[in-house]
Structures are given as C-alpha cells and as structure tokens.
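# Notes for the structure review
The residues making up each chain are set out below.
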Amino acid sequence: MTKAVEQEVSLLSSSKYGLTYLTPNDWTLVADKASRVTFQKGQTLVQRGKKSDGVYLLLKGTARVQIPSQAVSPEIGPGEICGEMSFVEDAPASANVIAQQDVEAYHLDRAALEKLFELFPHLASRFYRSLAKNLSHRLRELIGPRGESPTVQKSSS
C-alpha cells in the first residue's frame, strides 16, 4: 500500500461516522477494490430516485444530503459514507447528495463489494454492522433531542 493510500485509510478508519467496525485488514481489502473518483462543487454524487451502483467514502471535501421532507440538509465530510441506503435496499436513492466543494472519494461498486463479502464473510458482517450504526446515528440526528423534530421551534408561551 502506498503512503498516500495509507493516509487515506487512516482517515477513513478513524472517522466517528464511517465504517467504524472494519479492521485494518478489512481496510486494506476495501482500498484495493475501490476506485478513486472526484466531483466538482455542485456535482451530484447520489441522485434521488436513481439506483446507486455502490457507495462512496469521502476522502476530501464535503457534500450536502438533500432530504425532501427536511428543511435542514445535513453535511457529510471526510471519512463518511453516502449511497448506503440505496446500496442496502438495492433501490433508488431517497435523497440527493451534492458536492459542497470539490470532493475526492473512494467508490466501491456493488459487484466488487459482493465478491469481497463472499470471500471474507466477516468483512461483510463488520461492514453492515458499521452501516447500521451509521444509519441509526443519522436517524437520531433527524429525530432530534427527546424525539422532537430539529426544525420545530417550541413556543415561549
């Protein structure tokens, strides 16, 4: 693994909201199968209503997740993943993900991930466990504290 790839894997593996359960060996396998992609500011990483052919792991830059039912669009950054809901469900994406600045990412396509999971079932377990934790965190952020919507203001009366 090159020094640059080692640094990228270090960033991805230390992310609080990334694939937290992957081991160093898992990351080596993932980095080997990933393709590096770039998006310019304003470009779409994930398009709502369109099936994703894999997931993106952000290395540099930020992207905004545009959820139709939400007034506030969450931002994701280096070490975070997008396209995972479409990937897990094998269904069209539920939100747009738009680059807020130039973005560099690893793209893991479905076929490459499925081959890895066949060869290394424990990697699949840790990958999906990481996705579950990440999706739970994102859902909690949308729900807000004590089950209140983060976009609803309490009246002072």
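Further up the page is the structure itself.
Residues numbered from 1 in each chain as written. Predicted model: local features only at pLDDT ≥ 70, side-chain atom pairs only at ≥ 80, totals over all residues. Heavy atoms only, no water.

## Let's talk about the overall build of the protein chain
- When helices and strands are counted, the protein chain shows 5 helices and 8 strands.
- Along the protein chain, helices (α) and strands (β) appear in the sequence α-α-β-β-β-β-β-β-α-β-β-α-α when read from the amino end.
- The principal-axis extent of the C-alpha atoms belonging to the protein chain is close to 60 × 30 × 30 Å.
- A buried classification covers 38% of the 157 residues belonging to the protein chain.
- Residue pairs at least 24 apart in sequence account for 77% of intrachain contacts in the protein chain once pairs closer than 6 positions are excluded.
- Taken as a whole, the protein chain presents about 9100 Å² of accessible surface, with 51% of it coming from carbon and sulfur.
- In the protein chain, 19 side chains carry a positive charge and 17 a negative one; their mean positions are 5 Å apart. (Helix = DSSP H or I, 4+ residues; strand = E, 2+ residues; numbered from the N terminus. Buried < 20%, exposed > 50% of the residue type's maximum accessible area, 1.4 Å probe, protein only. Contact = heavy atoms within 4.5 Å. Areas by Shrake-Rupley, 256 points an atom, 1.4 Å probe, with all protein chains shown as cover. Lys, Arg positive; Asp, Glu negative; His and termini not counted. Charge placed at Lys NZ, Arg CZ, Asp CG, Glu CD.)

## Some remarks on the side chain of Glu84
- The residue Glu84 is located in helix 3 (residues 84-89) in this model.
- Relative accessible area serves as the criterion here: at 3%, Glu84 is assigned to the buried category.
- Once residues within four sequence positions are removed from consideration, Glu84 is found in contact with Val55, Leu131, Asn134, Leu135 and Arg138.

## A few points about helix 4 (residues 110-119)
- Regarding helix 4, the residues found buried are Arg110, Ala112, Leu113, Leu116 and Phe117. Take helix 4 and look down its axis: the buried residues cluster within an arc of 165°, on one side only. Summarising the geometry of helix 4, the exposed residues directed more than 90 degrees from the buried face are Lys115, Glu118 and Leu119.
- Here the buried face of helix 4 lies against helix 2 (24-33), strand 3 (54-60), helix 3, strand 8 (103-109) and helix 5 (121-143). (Arc of directions from axis to C-beta.)

## Section: the sheet that holds strand 2 (residues 44-46)
- Strand order in this open sheet of 4 strands is 2-7-4-5, and the pairing throughout is antiparallel. The two strands at the open ends of the sheet, each matched to only one other strand, are strand 2 and strand 5 (75-76).
- For strand 2 and strand 7 (residues 96-99), the ladder comprises 2 bridges, and the chain directions are antiparallel. Bridged to Val46 within strand 7 is Val97. (Pairing = 2+ DSSP bridges.)

## Focus: unusual backbone geometry
- Located in the positive-phi region is Asp90, a residue other than glycine, with phi close to 50°.
- Mapping Asp90 onto the fold places it in the loop between helix 3 and strand 7.
- By relative accessible area, Asp90 is classed as partly exposed at 40%.

## Looking at the packing of aromatic side chains
- Under the defined criterion, the tally for this structure stands at 6 aromatic pairs.
- Ring centres of Phe117 and Phe127 lie 5.2 Å apart, and the angle between their planes is 50°; this geometry places the pair in the tilted category. Of this pair, Phe117 sits in helix 4 while Phe127 sits in helix 5, placing them 10 residues apart in sequence. Comparing Phe117 with Phe127, the two get one shared label, buried. (Phe/Tyr/Trp six-rings, centres within 6.5 Å; stacked < 30°, edge-to-face > 60°.)

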